[in-house]
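Chain residues, written in single-letter form:
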Amino acid sequence: MNNLRPVNLNEFKGKPEIKQNLRVFLDASLKTKRPLDHVLLYGLPGTGKTSLATIIANELKRRIRIVQGNSIQAKIDIINLAMTLNDNDILFIDEIHAVNPQVVELLYSIMEDFVIDITIGKDYNAKVTRISLPHFTLIGATTIHGKIIQPLEERFGIIFNIKSYNKQEIVEIIQASCNKLNLDLSDHDIKLIANNSKGIPRIANRILRRVHDFKSYDNKLTVKKILKQIGIIHDGLSQDDINYLGILFRSDKPLGIKSISQIINIDPYTIETKIEPYLLTCEYIVKTATGRLISALGKKFIRNINTN
């Protein structure tokens, strides 16, 4: 299957302010022949943080090393990683908030002065040796901005908040992906997919891949039928989402997370991390001190679902 990730800034759809600023920073780095300042990208999963990191490396024609934050748990992990870098390399740490806090302290001198102080020996025989590192660019990505402590954030010269995309931006992404997949869809079908993508490019492309699969199997299948087949009911919501809203719709009082979990047979963590965030974004539900309530918008949504 074709890789749908954009490879340069021209291919990256949406977010014009981020693209414009990033182009200035990249151009300045190339003209001055200096490494790009460290970059922090934060936002919802699937909004293009990894794509932007790869694009930065491609635009600068630099080598990129990609690691997961949860794989950096001991000081030796970051030391070994730093020692493999060359001048002007890009180090991309995805979910950087998952790096061990003790290791984060070691990042300060690495990012600011490009040095590592290593202690050799113990007690009275201990000796601190300073090792110089190549000047590289660290790109950190996180879905939990609040877990990035202030001293670490202050060492990033460039910070971008990548929010969810509007419908037109998602349409442009789907159109570009259709070209890569050689998939011919009508404007109506593309808008239908966009309307069910929750403003997230990764979701849009995931749906598009499934549409491609079904269309390859039977080109007469409609996108509307394919969406239903893969469990998307309306506006990107699944049957689990609808069941959740239905429970609140039928209740005359706020419901606690444990009660909802028992009724719809889904664990509380999944409800809080997978179901509720988008429903809160849509303003379909309200969290109160006594439990969850369905909003007027949520009631209207359920009534429309029930009448269709």
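Treat the numbers as computed from the prediction; the structure is a model and nothing was measured.

K.L.:
Account for the packing of aromatic side chains, naming residues and giving values.
P.N.:
This structure, assessed with the given rule, holds three aromatic pairs. Summarising the aromatic geometry, the rings of Phe-25 and Phe-160 are spaced 6.4 Å apart at their centres and angled 25° between planes, so their arrangement reads as stacked. In this pair, Phe-25 is assigned in helix H1 (residues 16-32) and Phe-160 in strand S7 (residues 158-162), connecting sequence segments 135 residues apart. With relative accessibility at 32%, the residue Phe-25 sits in the partly exposed group. Taking NZ or CZ as reference, Lys-15 lies 4.4 Å from the ring centre of Tyr-165, over its face.

K.L.:
Quick one: what's the story with the nonpolar core, residue by residue and with numbers?
P.N.:
As a rule of thumb, soluble globular proteins bury nonpolar side chains together. With 45 residues, the main nonpolar core has Ile-56, Ile-139, Ile-174, Leu-185, Ile-193, Leu-208 and Val-211 as its most contacted residues. Discounting residues that sit within four places of it in the chain, Ile-193 has contacts with Ile-174, Leu-185, Ala-204, Ile-207, Leu-208, Val-211 and Val-223. Ranked by size, the runner-up nonpolar core spans 27 residues in total, among them Leu-40, Ile-93, Ile-148 and Phe-156.

K.L.:
For the side chain of Ser-109, give the residues involved together with the corresponding values.
P.N.:
Along the polypeptide, Ser-109 turns up in helix H4 (residues 101-113). Only 3.2 Å separates the side chain of Ser-109 from the backbone oxygen of Val-115, close enough to count as a polar contact. Those residues in contact with Ser-109 that sit more than four places away from it in its chain are Phe-114 and Val-115.

K.L.:
Could you give an account of the packing of H1 against helix H2 (residues 49-60), naming the residues involved and the relevant values?
P.N.:
Put simply, H1 and H2 touch, their axes get as near as 10 Å, and they point 35° apart. Taken as a pair, H1 and H2 cross one another with a handedness that is right-handed. Residues Ile-18, Leu-22, Leu-26, Ser-29 and Leu-30 of H1 form the contact with H2, whose participating residues are Leu-52, Ile-56, Glu-59 and Leu-60. Here the residues of the contact of H1 with H2 are counted per class, giving seven nonpolar, one polar and one charged.

K.L.:
I'd like to hear about the packing of helix H6 (residues 167-181) against helix H8 (residues 201-217), residue by residue, with values.
P.N.:
Taken N-terminus to C-terminus, the directions of H6 and H8 make an angle of 40°; their axes are 10 Å apart at the nearest point. The angle between the axes of H6 and H8 places the two elements in the oblique class. Crossing of H6 over H8 shows right-handed handedness. Of the residues in H8, those in contact with Ile-170, Ile-173, Ile-174, Ser-177, Cys-178 and Leu-181 of H6 are Pro-201, Ala-204, Asn-205, Leu-208 and His-212. For the contact of H6 with H8, the class distribution of residues is eight nonpolar, three polar and no charged.

K.L.:
Hey, could you go over the pairing of strand S4 (residues 115-120) for me, with residue numbers and the actual values?
P.N.:
Here S4 pairs with strand S5 (residues 127-132) via six bridges, running antiparallel. Each bridged residue has a counterpart across the sheet, and for Val-115 the counterpart in S5 is Ser-132. Hairpin remark: S4 followed by S5, antiparallel, with six residues in the connecting loop; positive phi at Gly-121, about 90°.

K.L.:
Account for the pattern of salt bridges, with residues named and values stated.
P.N.:
Pairs can form between side chains of opposite charge whenever their charged atoms are close. Inspection of the entire model under this criterion finds ten salt bridges. The partner of Lys-31 in a salt bridge is Asp-27, with the nearest N and O atoms 3.2 Å apart. You can see Lys-31 and its partner Asp-27 sitting in helix H1, four residues apart, about one turn around the helix. In this structure Lys-31 comes out as exposed when scored by relative accessible area, which is 63%. Between Glu-276 and Arg-292 there is a salt bridge, with its nearest N and O atoms 2.8 Å apart. Note that Glu-276 is positioned in helix H12 (residues 268-281) and Arg-292 in strand S11 (residues 291-294), a separation of 16 residues in sequence.

K.L.:
A description of H12 should follow, citing residues and the corresponding values.
P.N.:
In this model H12 runs 19 Å from its N-terminal to its C-terminal C-alpha over 14 residues, within 8% of the 20 Å that 1.5 Å per residue would give. Where H12 bends most, the angle comes to about 40°, and this point is Ile-275, followed within four residues by the proline Pro-277. Within the span of H12, buried status applies to Ile-271, Ile-275, Glu-276, Tyr-278 and Leu-279. One side-chain oxygen of the residue at the start of H12 lies 3.2 Å from the amide nitrogen of Tyr-269, identifying that residue as Asp-267. Just past H12, the residue Glu-283 takes up positive phi, approximately 65°.

K.L.:
Describe the environment of Asp-241, listing the residues and the values that go with them.
P.N.:
Its location among the elements puts Asp-241 in helix H10 (residues 239-250). Along the sequence, Asp-241 and Phe-92 sit 149 residues apart, while their C-alpha atoms lie 34 Å from each other. Apart from the residues lying within four places of it in its own chain, the contact partners of Asp-241 are Lys-198, Gly-236 and Ile-275.

K.L.:
Talk me through the sheet that holds strand S2 (residues 64-68); I want residue IDs and the actual numbers.
P.N.:
If you trace the five strands from one edge of the open sheet to the other, you get S2-S3-S6-S1-S7, paired in parallel fashion. A single partner strand is all that each edge strand has here, and the edge strands are S2 and S7. Neighbour-to-neighbour, the strand axes of this sheet turn through a mean angle of 15°, independent of strand direction. Alignment of strand S1 (residues 39-43) against strand S6 (residues 137-142), held across four bridges, turns out to be parallel. The partner of Leu-41 across the bridge, within S6, is Ala-141.

Parameters and conventions
Residues numbered from 1 in each chain as written. Predicted model: local features only at pLDDT ≥ 70, side-chain atom pairs only at ≥ 80, totals over all residues. Heavy atoms only, no water. Phe/Tyr/Trp six-rings, centres within 6.5 Å; stacked < 30°, edge-to-face > 60°. Helix = DSSP H or I, 4+ residues; strand = E, 2+ residues; numbered from the N terminus. Buried < 20%, exposed > 50% of the residue type's maximum accessible area, 1.4 Å probe, protein only. Lys NZ or Arg CZ within 6 Å of the ring centre and 35° of its normal. Core = buried A, V, L, I, M, F, W, Y, C linked by side-chain atoms within 4.5 Å. Contact = heavy atoms within 4.5 Å. Polar contact = N/O pair within 3.5 Å; in protein donor to acceptor, adjacent residues only side chain to side chain. Axes fitted to C-alpha atoms, helices over the stretch in contact; angles between N-to-C directions. Left-handed = near helix turned anticlockwise from the far one by under 90°. Nonpolar A, V, L, I, M, F, W, Y, C, P; charged D, E, K, R; others polar. Parallel < 35°, antiparallel > 145°, perpendicular 65-115°, else oblique. Pairing = 2+ DSSP bridges. Salt bridge = Lys/Arg side-chain N within 4 Å of Asp/Glu carboxyl O. Expected span 1.5 Å × (residues − 1). Bend = angle between axes of the 7 residues up to and from the residue.

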